[in-house]
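Remarks on the overall topology
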Protein chains: 2
Amino acid sequence: MNSSRRAQGIAPFHVMDILARAKALEAQGRDIIHLEVGEPDFSTPEPILKAAMQAIRGGDVHYTPALGLPELREEIAAFYRTRYGVELPAARIAVTPGASGALLLALGVLLDAGDEILMADPGYPCNRHFASFIDAVPVRVPVGAESAFQLTPPLVERYWTEKTKAVLIASPSNPTGTLARDEDVRDIAALCSARCATLIVDEIYHGLVYEGSPQTALAHADDVVVVNSFSKHFHMTGWRLGWLAAPVGLMEGIERLAQNLFLAPPTPAQFAALAAFSQETHSILEARRLEMKARRDFLLPALRELGFSLPVTPQGAFYLYADASRFAADSFVFCEQMLDEVGVAITPGEDFGETAPERYVRFAYTRPLPVLQEAVARIRNFVSGSQA
Amino acid sequence: MNSSRRAQGIAPFHVMDILARAKALEAQGRDIIHLEVGEPDFSTPEPILKAAMQAIRGGDVHYTPALGLPELREEIAAFYRTRYGVELPAARIAVTPGASGALLLALGVLLDAGDEILMADPGYPCNRHFASFIDAVPVRVPVGAESAFQLTPPLVERYWTEKTKAVLIASPSNPTGTLARDEDVRDIAALCSARCATLIVDEIYHGLVYEGSPQTALAHADDVVVVNSFSKHFHMTGWRLGWLAAPVGLMEGIERLAQNLFLAPPTPAQFAALAAFSQETHSILEARRLEMKARRDFLLPALRELGFSLPVTPQGAFYLYADASRFAADSFVFCEQMLDEVGVAITPGEDFGETAPERYVRFAYTRPLPVLQEAVARIRNFVSGSQA
């Protein structure tokens, strides 16, 4: 019995091999430091939990409208007003089952079979799989340190064809943690607009930025699509809740897709998220953001000092995408050996694309500072051996 | 700004017009009886709520594996053993974001662009939209009372082409509430198997059957795909949790699709669902099933007595699909007028397909008996006027 070509075309995540190996070592009693996981180590903030418990208690956990609870859409609109000074009507917001749901809706409403979507490589691997799942064509644009691993207007121009219908920017990026420049986002939006295409901006790590304060793409143009999430900044990963902001003209199509594909986002998560924008939650999140910054500010110079190359300082998310080519010709082998020898798990570059992946590894600073310190000590032992 | 043809191809639900009209009337102070909604009126059972609260309380609401919590997959496997006497390894079960997620995975892993899938018409409208979302071709097979609104082996033979890669049966069916015969399911499974295609059986209403006890399709063949849900029978609609049982050979493709499309099903719902198979929950669900049966046993003869035609007794779900052609040439107009004149909201046949939809309306008995009694009194007033 065979899977569809659609399913066979999805590359497995190499990090799964690393994870399986890490679990096997743990089963043997080894202590493994997990820096491969793209999930913060913090619990869901207390006010959000309380809101969830209160909503669930009575058992009235029924379907909501397909685009989400009206009051949650209003809260998200207010968030854009407060945080970015952007007026966004709630009617342009769709609450979704995670940013994953938002990306599927965004690509589904914009792309037909054969249409092309430009995206940076390295990038989040699911993005290209969302495109090929619906028979659209993900066009991977190689990016490097010279553009802070982000698309730029000249790169978009260079890869544009008559089939290009969308451009996807993720800022901050997974795996690189780097930001797109506001003016590049604005110019790429204008470029798309002039050619009847659409810019999609993934802002799910926007709340986790440690230098500067990037503007939302929604401030630059009315015809962009923005994807966001309660997972990373609001520490609600397991709840599976995100959102999409889109031009008015796309909302009917988005609603019909959402009705048919999902029925509605999960109700407990939506009631929980009503507390995500409160002052109390904000204080908790701000403290955690500073903790994340402290981790970055420790790990980044430590890795550089060990000999990893990170020419661009990552301003956000919780990832460091490091060139490890000084230590090994193949970063996957490097990851395997580092795990085996000193018990530190990281993700090989192969999971993020085709642009020199054998040189790169991704560190996720999703562990507390003392653990990161121990990790650096172990890595020092390992690479001093590797260089010998 | 235009939506993709993909999005434009999705017909709006006509019931949304009915709902909007009902809300407008309610805003004017009218009392509306809602029999249009495909959602049970019961709360989530207490043991399930308790399990959710306990899991949430500590805030440890992180991602689970893409195919779901291992212990929940084991519980579902045990459910097949206990309820159906079928041995199904947990490795063949994927926990999904609702049956919607299960259907998207099932079609995604089986169908490529241009592949055909046969399905009964009338049927659940999202099914054909799932297929066209991924550029596959839903082939709607007209069914009527003579086959209890279900596919039969001869019907499948008649509509089979060299592009047919899957057949979808929903038993009990939405909107008709009728069951496929066990032997037809078995024979269609064999027919698919012989032709390198796959039978998908939607069993989400299997727990709500009032006569006989249908066997799961998994008992007939190892190479069928079964979709089920915690929404309807377990009264967990808003939680968005379902599952998929599939042949071993498809599980790797399903896992990769699930990782990329969803990351994981919602965690609170999964912990909640761990209590769905307990003896305590079972007693609650059994009482509710009997209450549903009592509603059907009241509403079905009442509608027949009023002059609606229901030649096949619906054995399950909570729907009655009634021929109203004695009262009106266009069932949509009939629904609108009945709502306006006596305040009873039902769903027009148009939402379920192309097979004489203008003759049919769907009643959902998702209200308590006294409300159904009031509804029948109102409908009696209305149709006695219509017939004059």
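Residues numbered from 1 in each chain as written. Chains lettered and ligands numbered in written order. Predicted model: local features only at pLDDT ≥ 70, side-chain atom pairs only at ≥ 80, totals over all residues.

**So, the interface of chain B and chain A**
Heads up, the condition is: Contacts are defined on C-beta atoms placed from the backbone: any two residues whose C-beta positions lie within 7 Å are in contact. A helix here means a DSSP run of H or I that spans at least four residues, while a strand means a run of E at least two residues long, and both kinds are numbered starting from the N terminus. Under the scheme applied, nonpolar residues are Ala, Val, Leu, Ile, Met, Phe, Trp, Tyr, Cys and Pro; charged residues are Asp, Glu, Lys and Arg; polar residues are all the others, including Gly.
Contacts between the two partners involve 59 residues from chain B and, on the opposite side, 59 residues from chain A. It is helix α9 (residues 248-261) of chain B that contributes the most residues to the side of chain B that touches chain A, eight residues altogether. Considered class by class, the residues forming the side of chain B that touches chain A number 30 nonpolar, 20 polar and nine charged.

**Things to note about the relation of the copies chain B and chain A**
To be explicit about the condition: Each copy is superposed on the other by least squares, with the fit set by C-alpha atoms of residues at a pLDDT of at least 70 in both.
Superposing chain B onto chain A requires a rotation of 180° together with a translation of 0.0 Å along the rotation axis, leaving an RMSD of 0.0 Å. With respect to symmetry, the two chain copies, as superposed, fit the operation of a two-fold axis. Considering only C-alpha atoms, the part of chain B nearest the rotation axis is Ile134 of chain B, at 2.5 Å. Both copies share a contact surface, since 100% of the interface residues of chain B are interface residues in chain A too.

**Notes on the sheet that holds strand β5 (residues 164-170) of chain B**
The strands that make up a sheet are held in pairs by hydrogen bonds between backbone atoms, and each pair lies either parallel or antiparallel. All names here are of chain B. Basically, it comes down to this: Between any two strands, at least two bridges found by DSSP are needed for them to pair. Note on geometry: axes are C-alpha line fits, over the in-contact stretch for helices, and angles between N-to-C directions span 0 to 180 degrees.
The seven strands lie next to each other as β2-β8-β7-β6-β5-β3-β4, forming an open sheet whose pairing is mixed. Among the strands making up the open sheet, the edge pair consists of β2 (93-96) and β4 (137-142). Neighbouring strand axes in the sheet, compared pairwise and without regard to direction, differ in orientation by 20° on average. Alignment of strand β6 (residues 198-202) against strand β7 (residues 225-229), held across three bridges, turns out to be parallel. Its bridge partner lying in β7, Ile200 is registered against Val225. Strands β3 (116-121), β4 and β5 of the sheet are contacted by helix α6 (residues 125-133), whose axis makes an angle of about 150° with β4.

**A few points about the environment of Val86 of chain A**
Residues and elements named next belong to chain A. Going by this rule: Buried residues are those with 20 or more other C-beta atoms within 10 Å of their own C-beta, exposed residues have 12 or fewer, and partly exposed residues lie in between; C-beta atoms are placed from the backbone.
Looking at the element boundaries, Val86 is found in the loop between α4 (70-84) and β2 (93-96). Overall, the presence of 17 C-beta atoms within 10 Å leaves Val86 in the partly exposed class. Taking C-alpha positions, Val86 is 43 Å from Glu374, a pair spaced 288 residues apart along the chain. With residues near it in sequence (within four places) discarded, Val86 still touches Tyr80, Arg81, Thr216, Leu218 and Ala219.

**Brief notes about the pairing of β4 of chain B**
Residues and elements named next belong to chain B. Our working definition: Handedness is read with the strands pointing away from the viewer; a crossover is right-handed when the path from the first strand over the helix to the second is clockwise.
Note: β3 against β4, six bridges, orientation parallel. Bridged to Asp121 within β4 is Pro142. As a crossover connection, the stretch from β3 through α6 into β4 is right-handed.

**Here's the deal with the environment of Ala221 of chain A**
By the secondary structure assignment, Ala221 of chain A is in the loop between β6 (198-202) and β7 (225-229). Not counting the four nearest positions on each side in its chain, Ala221 of chain A is found in contact with Ala189, Ala190 and Ser193 of chain A.

**Examining the domain arrangement of chain A**
All names here are of chain A. What counts, and what does not: Bear in mind that the domain bounds are from an automatic or database domain assignment.
The domain boundaries assigned to chain A delineate domain 1 (5-43 + 281-383) and domain 2 (58-278). One C-alpha centre belongs to domain 1, the other to domain 2; they are set 25 Å apart. The interface of domain 1 with domain 2 comprises 33 residues on the first partner and 37 residues on the second. Of all the secondary-structure elements, those providing two or more residues to the side of domain 1 that touches domain 2 are α11 (279-306) and β9 (319-323). Ranked by residue count, the leading element in the side of domain 1 that touches domain 2 is α11, at seven residues. Each residue belonging to the side of domain 1 that touches domain 2 can be placed in one class, and the counts come to 15 nonpolar, 10 polar and eight charged.

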